[in-house]
Amino acid sequence: FDRHGGLTWLDWNNEFYYSDGLPVQIVGHTRQEKPNKKGNSWGIDCTQTCYAIVKNGVPEFRFIK
């Protein structure tokens with residue numbers, strides 16, 4: 001088995017690479033303390049403590065209290 005990722009899961013820290021030609025991606029694949037941006041994409045798996053609302057392509061992050 002690989003240490004990261006898999007057939008249906010991509011590790012944000014070790015496998016995700018952004019490209020300026022791709023649309024914004026907002027994913028929740030890899031635990032982290034706060035939303036993390038790479039290029040124009042975001043990783044938001046904050047141990048189930050936040051979520052994103054996207055308006056006109058711009059994400060707004062909200063934390064669950």
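Residues numbered from 1 in each chain as written. Predicted model: local features only at pLDDT ≥ 70, side-chain atom pairs only at ≥ 80, totals over all residues. Heavy atoms only, no water.

Asks: Talk me through the sheet that holds strand β2 (residues 36-38); I want residue IDs and the actual numbers.
Replies: The strand order across the open sheet formed by three strands is β1-β3-β2, and the pairing between neighbours is mixed. The open sheet has two edge strands, β1 (26-27) and β2, and neither has a second partner. Pairing between β1 and strand β3 (residues 41-43): two bridges, direction parallel. If you follow V27 over to β3, its bridge partner there is G43. (Pairing = 2+ DSSP bridges. Helix = DSSP H or I, 4+ residues; strand = E, 2+ residues; numbered from the N terminus.)

Asks: Outline the environment of I44, listing residues and values.
Replies: Locating I44 in the fold gives a position in the loop between β3 and β4 (50-55). Note: C-alpha distance between I44 and Q32 (12 residues apart in sequence) is 7.7 Å. With residues up to four places along the chain from it excluded, the contact list for I44 reads I26, V27, G28, Q32, P35, C50, A52 and F61. (Contact = heavy atoms within 4.5 Å.)

Asks: Which residues make up the pairing of strand β5 (residues 58-63), and what values go with them?
Replies: The sheet contact formed by β4 and β5 spans six bridges and is antiparallel. Its bridge partner being in β5, I53 is matched across the sheet by E60.

Asks: I'd like to hear about the side chain of K38, residue by residue, with values.
Replies: Within the fold, K38 resides in strand β2. One buried charge, K38, has no salt-bridge partner; the nearest side chain with opposite charge is D11, at 6.8 Å. Here W12 takes part through its backbone oxygen, which lies 2.5 Å from a polar atom of the side chain of K38. (Buried < 20%, exposed > 50% of the residue type's maximum accessible area, 1.4 Å probe, protein only. Lys, Arg positive; Asp, Glu negative; His and termini not counted. Salt bridge = Lys/Arg side-chain N within 4 Å of Asp/Glu carboxyl O. Polar contact = N/O pair within 3.5 Å; in protein donor to acceptor, adjacent residues only side chain to side chain.)

Asks: Can you break down a nonpolar patch on the surface residue by residue, with the values?
Replies: Among the surface-exposed residues, V24, I26 and V54 lie close enough to one another that they form a single nonpolar patch of about 210 Å² accessible area. On the secondary structure map, V54 appears in strand β4. Judged by its relative accessible area of 45%, V54 falls in the partly exposed class. (Patch = residues over 30% accessible without salt bridge, like charges linked within 9 Å, V, L, I, M, F, W, Y side chains within 5 Å. Areas by Shrake-Rupley, 256 points an atom, 1.4 Å probe, with all protein chains shown as cover.)

Asks: Any chance you could break down the packing of aromatic side chains for me, citing the residues and the numbers?
Replies: For the structure on display, the rule yields two aromatic pairs. Measuring from ring centre to ring centre gives 4.4 Å for W12 and F16, while their planes differ by 15°; the resulting arrangement is stacked. Arranged with centres 4.7 Å apart and planes meeting at 55°, the rings of W42 and F61 form a pair that is tilted. You can see W42 sitting in strand β3 and its partner F61 sitting in strand β5, a full 19 residues away along the chain. In this arrangement the basic side chain of K38 is found over the ring face of W12, its NZ or CZ atom lying 5.2 Å from the centre. (Phe/Tyr/Trp six-rings, centres within 6.5 Å; stacked < 30°, edge-to-face > 60°. Lys NZ or Arg CZ within 6 Å of the ring centre and 35° of its normal.)

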